[in-house]
Protein chains: 6
Amino acid sequence: MPKETIFAAELSWPDYDAYVRDGSVPILLPVGSMEQHGHHMPMNVDVLLPVEFARRVAGAIGALVAPPFTYGYKSHQKSGGGNHLPGTTSLDGATLVAALRDVIKEFARHGVRRICLVNGHFENSWFIVEGIDLALRELKWGGISDMKIVVLSYWDFVDKPTIARLYPNGFAGWDLEHGGVLETSLMLALYPHQVSLERAVDHAPASFPPYDVYPPKPEWTPVSGTLSSPKEASAEKGEILLQVCVEGIVGALNAEFPR
Amino acid sequence: MPKETIFAAELSWPDYDAYVRDGSVPILLPVGSMEQHGHHMPMNVDVLLPVEFARRVAGAIGALVAPPFTYGYKSHQKSGGGNHLPGTTSLDGATLVAALRDVIKEFARHGVRRICLVNGHFENSWFIVEGIDLALRELKWGGISDMKIVVLSYWDFVDKPTIARLYPNGFAGWDLEHGGVLETSLMLALYPHQVSLERAVDHAPASFPPYDVYPPKPEWTPVSGTLSSPKEASAEKGEILLQVCVEGIVGALNAEFPR
Amino acid sequence: MPKETIFAAELSWPDYDAYVRDGSVPILLPVGSMEQHGHHMPMNVDVLLPVEFARRVAGAIGALVAPPFTYGYKSHQKSGGGNHLPGTTSLDGATLVAALRDVIKEFARHGVRRICLVNGHFENSWFIVEGIDLALRELKWGGISDMKIVVLSYWDFVDKPTIARLYPNGFAGWDLEHGGVLETSLMLALYPHQVSLERAVDHAPASFPPYDVYPPKPEWTPVSGTLSSPKEASAEKGEILLQVCVEGIVGALNAEFPR
Amino acid sequence: MPKETIFAAELSWPDYDAYVRDGSVPILLPVGSMEQHGHHMPMNVDVLLPVEFARRVAGAIGALVAPPFTYGYKSHQKSGGGNHLPGTTSLDGATLVAALRDVIKEFARHGVRRICLVNGHFENSWFIVEGIDLALRELKWGGISDMKIVVLSYWDFVDKPTIARLYPNGFAGWDLEHGGVLETSLMLALYPHQVSLERAVDHAPASFPPYDVYPPKPEWTPVSGTLSSPKEASAEKGEILLQVCVEGIVGALNAEFPR
Amino acid sequence: MPKETIFAAELSWPDYDAYVRDGSVPILLPVGSMEQHGHHMPMNVDVLLPVEFARRVAGAIGALVAPPFTYGYKSHQKSGGGNHLPGTTSLDGATLVAALRDVIKEFARHGVRRICLVNGHFENSWFIVEGIDLALRELKWGGISDMKIVVLSYWDFVDKPTIARLYPNGFAGWDLEHGGVLETSLMLALYPHQVSLERAVDHAPASFPPYDVYPPKPEWTPVSGTLSSPKEASAEKGEILLQVCVEGIVGALNAEFPR
Amino acid sequence: MPKETIFAAELSWPDYDAYVRDGSVPILLPVGSMEQHGHHMPMNVDVLLPVEFARRVAGAIGALVAPPFTYGYKSHQKSGGGNHLPGTTSLDGATLVAALRDVIKEFARHGVRRICLVNGHFENSWFIVEGIDLALRELKWGGISDMKIVVLSYWDFVDKPTIARLYPNGFAGWDLEHGGVLETSLMLALYPHQVSLERAVDHAPASFPPYDVYPPKPEWTPVSGTLSSPKEASAEKGEILLQVCVEGIVGALNAEFPR
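Since we're looking at a predicted model, the values are computed, not measured.

(A) Structural context of the nonpolar core. By size, the foremost hydrophobic cluster in this structure holds 257 residues, and its most contacted members are Y16(A), Y16(B), Y16(C), Y16(D), Y16(E) and Y16(F). Those residues in contact with Y16(C) that lie beyond four places of it in its chain are A8(C), L11(C), I27(C), L64(C), F107(C), H110(C), V112(C), M34(D), M43(D) and G87(D).

(B) Summary view of the sheet that holds strand β1 (residues 27–31) of chain F. Strand order in the open sheet formed by five strands is β7(A)-β6(F)-β5(F)-β1(F)-β2(F), and the pairing between neighbours is mixed. Strands with a single pairing partner mark the edges of an open sheet, and in this sheet they are β7 (212–214) of chain A together with β2 (64–65) of chain F. Inspection of the sheet shows β7(A) paired to strand β6 (residues 148–153) of chain F by three bridges, in the antiparallel sense. What sits directly across from V213(A), in β6(F), is V150(F). Packing against the sheet, helix α2 (residues 45–61) of chain F makes contact with β1, β2 and β5 (114–119) of chain F, and its axis sits at approximately 165° to β1(F). Packed on one face of the sheet, helix α8 (residues 235–256) of chain F meets β7 of chain A together with β1, β5 and β6 of chain F and runs near 165° to β6(F).

(C) Spotlight on unusual backbone geometry. Here the amide bond leading from Y214(B) into P215(B) is cis, since omega sits at -10°, within 30 degrees of zero. As for its position among the elements, P215(B) is in the loop between β7 (212–214) and α8 (235–256).

(D) Structural view of the pairing of strand β5 (residues 114–119) of chain C. Residues and elements named next belong to chain C. Within β5, six of the six residues are buried, leaving the element largely enclosed by the surrounding structure. Burial along β5 is two-sided: R114, C116 and V118 and I115, L117 and N119, pointing in opposite directions, are all buried. Note: strand β1 (residues 27–31) against β5, five bridges, orientation parallel. Its bridge partner lying in β5, V31 is registered against N119. The sheet contact formed by β5 and strand β6 (residues 148–153) spans six bridges and is parallel. Its bridge partner being in β6, V118 is matched across the sheet by L152. For the crossover from β5 across helix α5 (residues 125–141) to β6, the handedness is right-handed.

(E) Spotlight on the packing of aromatic side chains. One pass over the full model with this rule turns up 75 aromatic pairs over all chains. Between Y73(A) and W126(F), the aromatic rings sit 6.1 Å apart at their centres with planes inclined by 85°, giving edge-to-face as the arrangement. Separated into two different chains, Y73(A) in strand β3 (residues 72–73) and W126(F) in helix α5 (residues 125–141) make up a pair that spans both. Grouping residues by exposure puts Y73(A) and W126(F) together as buried. Ring geometry for F171(B) versus W174(B): centroids 4.6 Å apart, planes at 70°, classification edge-to-face. Taking the relative accessible area as the measure of exposure, F171(B) reaches 29% and is therefore partly exposed.

Calculation rules
- Residues numbered from 1 in each chain as written.
- Chains lettered and ligands numbered in written order.
- Predicted model: local features only at pLDDT ≥ 70, side-chain atom pairs only at ≥ 80, totals over all residues.
- Heavy atoms only, no water.
- Core = buried A, V, L, I, M, F, W, Y, C linked by side-chain atoms within 4.5 Å.
- Buried < 20%, exposed > 50% of the residue type's maximum accessible area, 1.4 Å probe, protein only.
- Contact = heavy atoms within 4.5 Å.
- Pairing = 2+ DSSP bridges.
- Helix = DSSP H or I, 4+ residues; strand = E, 2+ residues; numbered from the N terminus.
- Axes fitted to C-alpha atoms, helices over the stretch in contact; angles between N-to-C directions.
- Right-handed = clockwise from strand over helix to strand, strands pointing away.
- Phe/Tyr/Trp six-rings, centres within 6.5 Å; stacked < 30°, edge-to-face > 60°.

In short, shape yes, function no, at least from these values alone.
Have a look at this one:
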């Protein structure tokens with residue numbers, strides 16, 4: 001049992017208990033999905049990336065990383081291609097809400113008072129909010145009112161200078177980054193053997209009207225499943241993104257969870 | 001992207017789609033938990049073991065392995081020490097049921113018609129049953145009635161001769177094997193660096209009356225959190241268990257999912 | 001109104017109130033099902049038996065018996081033949097959980113602090129656990145944290161010597177006792193006019209592989225619906241079982257609910 | 001096993017199956033409650049009465065009686081004294097709805113196409129409606145659209161001439177009959193040993209304003225828990241009520257479920 | 001921003017806050033439906049009327065009126081024609097219950113301690129009760145136990161003399177007043193341009209047997225959708241009803257919410 | 001009854017039925033909230049605006065407007081100030097999802113096959129998506145698979161040139177427009193008597209870090225409750241916004257719901 005691990009579930013319970021029972025050590029919980037990410041990447045991108053961000057941040061701030069949520073909310077056409085696509089495997093909103101509520105309450109039972117949800121899948125966002133709200137409500141009913149929860153999506157820590165540097169030809173917005181330069185560069189930096197850039201399909205960024213249609217109109221989504229081209233992705237860009245985001249998240253958590 | 005992977009989420013969607021759309025390739029879905037397993041083992045035993053069984057079996061029968069459920073149902077005092085223990089992090093029954101229902105239905109949408117739930121956590125059992133029942137009911141409402149689902153817990157494939165061989169001094173029953181010889185031997189064979197056998201607490205098998213009490217009586221659970229001693233565990237026993245269970249599961253799935 | 005009744009619902013509210021308001025008198029709540037029990041027995045076996053056990057035990061320990069749950073969780077193929085069989089009439093897991101939660105909370109509102117769930121239907125087991133967990137959680141939210149709940153299935157009180165005596169040719173396990181010697185003997189001892197032993201189908205114990213399949217494979221269940229033959233059942237065996245189980249349960253409850 | 005029983009759960013499954021599989025035999029399902037009924041009556045009045053009505057009607061029309069629901073919806077102050085009273089043991093609305101939905105769908109699975117819910121507890125009424133609506137919706141999703149369900153509360157079959165005869169001094173309305181002349185007379189006719197008329201509290205009918213207040217105002221409910229005096233109750237009146245209601249219900253069901 | 005408005009949502013938050021934070025000002029919450037009301041009236045009658053009653057009452061007692069619930073529970077055949085009719089647009093029971101629970105809890109969070117639900121749709125009644133019960137339960141868990149909630153349906157304040165005056169030829173009961181003299185007269189008095197009395201269909205009051213059938217039998221409902229004829233409706237009768245009901249409700253709320 | 005109304009609930013059922021039964025006429029459903037909007041505006045802005053947009057668009061495309069949802073999802077700190085603020089009155093996510101699901105299904109029962117949800121409250125967005133997904137799923141179970149649903153938030157139709165024109169000093173993003181120039185200008189154009197611009201608080205746009213914290217940190221929200229200053233709002237800007245958005249929405253719906 002590697003005592004230095006920062007993965008909570010790789011600890012024995014006495015070691016975990018020693019860390020968390022006084023409430024000061026934060027738990028970082030990666031929330032991912034199983035979602036298609038184009039021809040050139042696997043479907044676990046939204047798990048691998050927040051887990052790795054959580055791992056790096058945890059090391060820097062003295063936190064533990066909880067087991068990730070391996071399934072997430074339904075893919076939205078304008079940010080993930082749509083939930084009609086093969087391979088994308090999603091939960092109902094109520095299921096994700098309930099799972100988050102349950103797990104947060106369990107960590108609180110252990111003594112944890114600081115949790116950071118590290119989101120890797122855009123569509124999880126609002127259901128994460130609801131899961132937290134229900135958990136805090138029930139914790140309060142149970143007499144616990146000093147829990148503090150931070151929620152973040154790692155890409156929100158990419159600042160404007162970095163965007164300008166990484167997207168010299170213009171940035172289309174985070175929604176259209178599905179399977180695009182951001183995620184592909186990070187995967188190239190971290191898990192290059194899981195990326196087949198030669199299979200990537202080059203295409204103009206998807207262009208959507210200012211409304212949604214249900215059932216989704218398949219013709220709105222590029223046939224590759226990505227919403228912008230990953231062709232400009234590189235491991236170097238991935239390293240930049242890693243550095244910027246990890247620094248940003250570390251700063252945020254040091255501010256919110258002062259030692 | 002390693003084309004030979006048998007982990008579904010490590011595939012790109014076109015590769016995954018090619019495998020599953022005609023329904024013949026089974027999906028193996030490991031269902032685990034985050035649960036204390038004594039002083040000598042980490043809390044992800046119930047994830048690591050079914051994932052590894054699924055991986056080996058999938059290789060043998062031409063199946064894919066879905067991302068595991070990393071959290072499971074509440075630990076029961078007489079089979080896992082109880083859900084009051086530190087570190088154990090569990091879902092409400094309804095949450096686990098809903099998550100399974102959702103994921104099964106998504107695989108069915110992809111074309112999958114053969115699913116095997118590989119359970120690694122005893123307490124998940126009945127909620128798995130309910131999740132399947134709800135999924136099949138809703139699939140039928142949606143016009144899909146040819147789904148076949150197998151559920152198994154790997155330890156049920158340990159046959160009597162093997163039990164006699166591994167437990168020369170008598171076998172206390174699978175419930176009491178929590179953190180005991182079975183799980184510890186498997187972990188020693190597969191992930192020896194995650195086991196600290198020297199920290200294991202030797203104790204007589206837990207002895208419970210023929211009823212349950214709620215809230216649990218902490219004094220009923222050995223202070224180590226294990227229900228029987230892991231001291232007799234060994235990597236050799238783990239290899240035997242691996243072989244027996246994999247062979248058994250492969251045989252079962254070949255019978256139920258003939259090619 | 002028979003003042004001596006131990007059935008709670010046969011009391012007037014002032015009499016009931018006098019019993020329960022200080023919390024010392026236990027409530028025994030039989031949890032049954034409507035389930036096929038072969039050709040030779042009615043479908044209310046799982047209600048009649050726990051009610052009668054509860055009645056006898058209540059008399060011995062000074063408890064009251066609540067109205068039984070007349071419907072239970074879905075029959076499982078390997079312990080009840082399967083929920084596809086005619087006559088078996090079952091609840092979703094969430095329904096049983098909610099009903100138990102509600103009723104436990106109501107008894108707590110009356111002042112009751114000791115409850116014993118007397119289960120007569122194997123498949124109810126885990127949903128009983130969840131119902132209790134939710135009830136205790138909500139009671140705690142409402143400021144009640146001194147409730148103690150015992151759960152038992154009467155057959156778990158049949159000790160090994162009795163098994164040896166009743167099953168001289170070997171005992172197949174409680175799951176296979178569905179409609180077999182245990183239940184039939186108890187019914188012969190208690191309600192002989194409800195048993196038609198001459199209609200019983202003699203067959204070898206059902207033999208199941210170490211996994212489950214859904215939808216159930218009808219051919220796995222003996223056509224009679226029983227999982228082992230009731231032919232060796234007798235009223236005498238039933239009397240032995242009654243005595244052993246009642247004594248066992250009385251002992252357990254005297255220990256857990258000391259006066 | 002008494003072949004002549006009309007209680008479905010007292011039949012073996014083959015006998016039950018022979019009755020119901022072609023859909024012509026109706027199932028009568030009594031829906032009761034555990035509710036205080038004053039000082040002079042037990043708390044199972046709302047189970048005993050609909051069961052007995054169902055039994056008599058079933059005999060007349062060739063129907064079967066299902067096991068009763070032994071718990072019902074929360075007592076309302078203006079029709080049952082209020083759910084704050086000791087002894088009253090109620091379900092949340094959603095629980096009752098789910099239980100009815102489940103059981104109706106199970107009977108449909110057996111082949112039943114005619115169900116009559118025989119209500120004995122006023123407050124169940126609207127949740128019965130919702131349970132039926134959900135059951136019919138889901139049955140339709142499953143391809144069954146020929147189910148017919150009748151709902152009745154036995155007291156609605158007491159016609160005006162009978163009211164005039166039984167209440168020579170004026171009739172206060174069915175809501176105020178809680179524990180009053182109607183129920184007490186029926187109990188005296190059917191289960192006289194369960195009534196202690198000498199303990200009955202004589203009081204003017206409860207008088208409520210045209211609105212409700214929550215939490216209930218205890219002072220609005222007569223201290224006895226009854227809403228009108230049972231003093232004028234008699235077994236003779238009970239016999240009249242039995243005759244009138246049974247005839248009425250038999251007529252209704254013969255009309256709705258023609259043979 | 002009209003400072004004199006009594007509609008809570010027409011206030012700015014500081015003005016609203018000043019009113020409610022000490023808990024003395026009651027909130028009146030109209031609960032309506034979108035339901036067919038015959039050929040001569042629109043489908044928002046059950047919203048317009050309780051909103052107007054609430055507005056008048058609020059002015060008299062110093063209360064605020066919350067935004068109405070614009071959708072309600074399913075129309076019942078014997079009080080609204082049935083939910084199979086075109087235009088009627090209803091919520092599941094659980095949805096209405098949850099919405100009421102949520103909104104009541106939010107008002108409590110603001111400081112409100114006096115709420116009156118002003119119901120305009122008969123079928124909402126029981127689900128309102130359940131919504132209140134769940135809200136009060138959860139508020140108590142959260143430490144708030146001094147909330148007082150009044151529920152009323154405005155027609156229950158029409159006293160017998162008024163009934164005699166308005167229905168000289170006899171009164172059929174409030175259920176049959178669906179789209180009849182009561183509602184039509186009120187609409188004529190308040191919103192005459194929304195009534196087309198010349199399109200009203202004259203018919204004898206609907207006559208129903210003393211039981212319900214599901215699915216509803218369309219032939220039981222008059223083809224107009226009303227359950228009694230509105231032909232005798234008039235603005236004058238509407239004025240009388242307005243006066244009687246407003247006076248009654250004002251009196252009730254002054255009694256329950258003393259200043 | 002004004003035959004020319006485009007508000008569905010102001011129609012009689014026969015008139016409504018004539019419009020919708022063949023499925024060609026779209027229903028526009030405004031989804032709002034009761035939410036604080038600063039010192040200078042009422043709390044029904046998110047209802048008034050989508051209702052008015054729906055009214056204008058319906059007139060242009062021949063659609064009907066359904067009764068609005070008057071309550072919505074919880075206010076988010078970074079787009080509405082946070083749900084801890086006085087006056088904001090919100091639903092749980094599951095409640096909003098269920099209400100939308102129910103209402104959509106009811107319209108489908110009437111024959112409607114084209115629905116447009118006109119959202120006025122940013123935080124509703126994802127729960128609208130889930131409500132639609134559940135509705136479409138259940139409709140499909142019931143045999144209806146030709147429903148088409150458009151979802152839009154009116155502000156998404158403000159194009160870049162208009163933004164440049166209205167925000168000459170730079171545009172902070174739609175989230176920060178809570179109670180700012182956009183909403184205030186629209187209210188000034190439409191309901192000037194409901195705006196007290198002199199009470200508006202001028203402040204720099206709120207500035208949030210790239211993550212959320214729960215419970216919300218009150219100090220992050222400007223004390224006025226608005227997220228950007230409304231001082232630059234004007235009726236003229238409101239007219240421009242009305243024109244641009246109505247034209248945009250009309251174009252979108254003519255494209256998606258061709259006549």
